[in-house]
Amino acid sequence: MKIQEKCIPCIVNQAIKVADMVGLEDKNELLRNVFSYLSRVDFNSSSTPELIGEIFAMLKKETGNADPYKETRRHYNRMFLEQIPDFEAEIDCAGDPFLEAVKYAIIGNIIDFNPIHNLSLSDIDACFLRLKEEPLGIDDSKLLKQEIVKADSILYLGDNCGEICLDKILLSKMKELNPSCRLYFGTRGEAVVNDSVEEDAYFVGIEDYATVISNGDSSLGTVLYRTSKQFQEIYQNADIVIAKGQANYECLSDEDKNIYFLLMTKCGVIANDIGVPEMKMICMKK
């Protein structure tokens, strides 16, 4: 999915908000670099997650802070890690625990402290209560379940902090369905906004069910040509790729691969591209 004109203000707005968050008072140099970079971008061959990754790298350099969201990620990983037993109990009581785990993983995608979405903890609690009672906007979970049972290798592409605790529960259900399947969990290669890196995956215990693999890149999603050769090999050999979040959708929606997208449609651009209203839960086979 290529950049749309409505994405540009969000990209610039994110740079300003993160600069504010880390206390950068003089933004002149940062903004000059941002606009200089954007003036050189080929919008026909780039994606928004790639641009945000580049701009976030500029911000890290300008502030001297290599990981502005480190404490935020740790805080929300710890918070949702403590709630895993309660979430598991609720999921196991459902009529279809696998579907419920898929649904919880998608609801978890609302855990986004990216300044573009600007959600508070109370917003997230309210969304959990409301969305648990709603059906999926697109539901290919039965087909996903059937394919998991037959798969030899699955690559699960994670997204945000906190959210990965819900991913861990879904990974456990996938392992129950197919104990011999090789599961891989992909993280970002470097800190970029509040997206999960290897440290976060190990912190919440993803390795209990899947091999943790960094994609080797600092983009917001999974920009394949920028990822490591090791990651690309795992991607190419995977029978199924499960891609969490909007950024992964933006990066991979045009790929010729067996991909299931799990996400909340948190912005109009993504919702329109998929063909559903905003704030819908999506489990969609490409």
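Remember, predicted model here, so these are calculated numbers, not experimental data. (Residues numbered from 1 in each chain as written. Predicted model: local features only at pLDDT ≥ 70, side-chain atom pairs only at ≥ 80, totals over all residues. Heavy atoms only, no water.)

**Structural notes on the overall build of the protein**
Right, on to step 1. Counting its regular elements, the protein contains 13 helices and seven strands.
Right, on to step 2. Viewed in the frame of its principal axes, the protein has a C-alpha envelope of about 55 × 40 × 35 Å.
Right, on to step 3. Within the protein, the proportion of its 286 residues that are buried is 56%.
Right, on to step 4. Sequence separation of 24 or more characterises 70% of the internal contacts of the protein that already satisfy a separation of 6 or more.
Right, on to step 5. One way to put it: in the protein the 31 positive side-chain charges average out to a point 2 Å from where the 47 negative ones average out. (Helix = DSSP H or I, 4+ residues; strand = E, 2+ residues; numbered from the N terminus. Buried < 20%, exposed > 50% of the residue type's maximum accessible area, 1.4 Å probe, protein only. Contact = heavy atoms within 4.5 Å. Lys, Arg positive; Asp, Glu negative; His and termini not counted. Charge placed at Lys NZ, Arg CZ, Asp CG, Glu CD.)

**Comments concerning helix H2 (residues 28-40)**
Right, on to step 1. A rise of 1.5 Å per residue sets the reference length of H2, with its 13 residues, at 18 Å; its end C-alpha atoms lie 19 Å apart and thus fit the reference within 8%.
Right, on to step 2. Restricting attention to buried positions, one finds in H2 the residues Leu30, Val34, Tyr37 and Leu38. What you see down the axis of H2 is that its buried residues fit within an arc of 95°, all on one side. The outward face of H2, more than 90 degrees from its buried face, is lined by the exposed residues Arg32, Ser39 and Arg40.
Right, on to step 3. Next to the buried residues of H2 lie helix H1 (7-21) and helix H3 (48-63). (Expected span 1.5 Å × (residues − 1). Arc of directions from axis to C-beta.)

**Notes on the packing of aromatic side chains**
Right, on to step 1. Throughout the structure, instances matching the rule amount to four aromatic pairs.
Right, on to step 2. Between Tyr156 and Phe185, the aromatic rings sit 5.7 Å apart at their centres with planes inclined by 25°, giving stacked as the arrangement. Pair noted here: Tyr156 is in strand S2 (residues 153-157) and Phe185 is in strand S3 (residues 182-187), with a separation of 29 residues, a long-range link. In this pair, the class of Tyr156 matches that of Phe185, namely buried.
Right, on to step 3. For the cation-ring pair, Lys257 lies above Tyr235, with the distance from its terminal atom to the ring centre recorded as 5.5 Å. (Phe/Tyr/Trp six-rings, centres within 6.5 Å; stacked < 30°, edge-to-face > 60°. Lys NZ or Arg CZ within 6 Å of the ring centre and 35° of its normal.)

**Comments concerning helix H11 (residues 229-237)**
Right, on to step 1. Buried within H11 we find Phe231, Ile234 and Tyr235. Buried residues of H11 fall within an arc of 100° about the axis and therefore sit on the same side. Of the exposed residues in H11, the ones pointing more than 90 degrees away from its buried face are Lys229, Gln230, Glu233, Gln236 and Asn237.

**With respect to the sheet that holds strand S1 (residues 138-139)**
Right, on to step 1. Pairing is mixed in the open sheet, where seven strands are placed in the order S1-S7-S6-S5-S2-S3-S4. Looking at the sheet topology across the chains shown, the edges are occupied by S1 and strand S4 (211-214).
Right, on to step 2. As defined by bridge partners, S2 adjoins strand S5 (residues 240-244) across four bridges and the pair is classed as parallel. Paired with Leu157 across the bridge in S5 is Ala243.
Right, on to step 3. Strands S1, S2, S5, strand S6 (259-264) and strand S7 (281-285) of the sheet are contacted by helix H6 (residues 97-107), whose axis makes an angle of about 115° with S7.
Right, on to step 4. Relative to S2, H11 is tilted by about 120°, and along the sheet it contacts S2, S3, S4, S5 and S6. (Pairing = 2+ DSSP bridges. Axes fitted to C-alpha atoms, helices over the stretch in contact; angles between N-to-C directions.)

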